[in-house]
Amino acid sequence: MQGSAFALFDSSVKHEWLLLDAGVTITPPFDEEAVKDSLLVDQDVDAGASATVVFTAPTKPGEHEVVCGVAGHIEAGMAAKLIVQ
Ligand SMILES: [Cu+2]
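Read on for a plain summary of the structure. What you are looking at is a predicted structure, and each value in this text was computed from that prediction instead of being measured.

This part covers the overall build of the chain. A count of helical and extended segments in the chain gives 1 helix and 6 strands. Counted from the first residue to the last, the chain has its helices and strands arranged as β-β-α-β-β-β-β. Counting all 85 residues of the chain, 14% fall into the buried class. When contacts within the chain are restricted to residue pairs at least 6 apart in sequence, long-range pairs at least 24 apart make up 67% of them.

This is the structure we're talking about:
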């Protein structure tokens, strides 16, 4: 895969779309400082804004966590995994 795009739609609150390196596991509450060296993509989306995140898919096999870095958002369900095989 050459790249991927995810659309983030209007929201009344800010979001921070993050893609982490394979094998890095996030346990809420999110601590960005603890994983700053493992961030492959970090895209802020201001409240009321829309954004499209375009990135080159990682080639490192494994599970890459995709989360929102805003406090409380992982707990609200803004977390997924990108699996590279
Ligand atoms: Cu969010």
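So that's the structure; there's more coming.
Bringing the sheet that holds strand β2 (residues 15–20) into the picture now. The 4 strands lie next to each other as β3-β2-β5-β6, forming an open sheet whose pairing is antiparallel. This sheet does not close on itself; its edge strands, each paired only once, are β3 (39–45) and β6 (79–84). Within this sheet the neighbouring strands show an average axis-to-axis angle of 15 degrees, counted without direction.

Moving on, we come to the nonpolar core. In terms of nonpolar packing, the biggest core is built from 8 residues, these being Trp17, Leu18, Leu19, Leu20, Phe30, Val45, Val67 and Cys68. At the level of elements, β2 and β5 (62–68) are the ones that each hand at least two residues to this core. With 4 residues, β2 is the single largest residue contributor to this core.

Rules used throughout
Residues numbered from 1 in each chain as written. Predicted model: local features only at pLDDT ≥ 70, side-chain atom pairs only at ≥ 80, totals over all residues. Helix = DSSP H or I, 4+ residues; strand = E, 2+ residues; numbered from the N terminus. Buried ≥ 20, exposed ≤ 12 C-beta atoms within 10 Å, placed from the backbone. Contact = placed C-beta atoms within 7 Å. Pairing = 2+ DSSP bridges. Axes fitted to C-alpha atoms, helices over the stretch in contact; angles between N-to-C directions. Core = buried A, V, L, I, M, F, W, Y, C linked by C-beta atoms within 7 Å.

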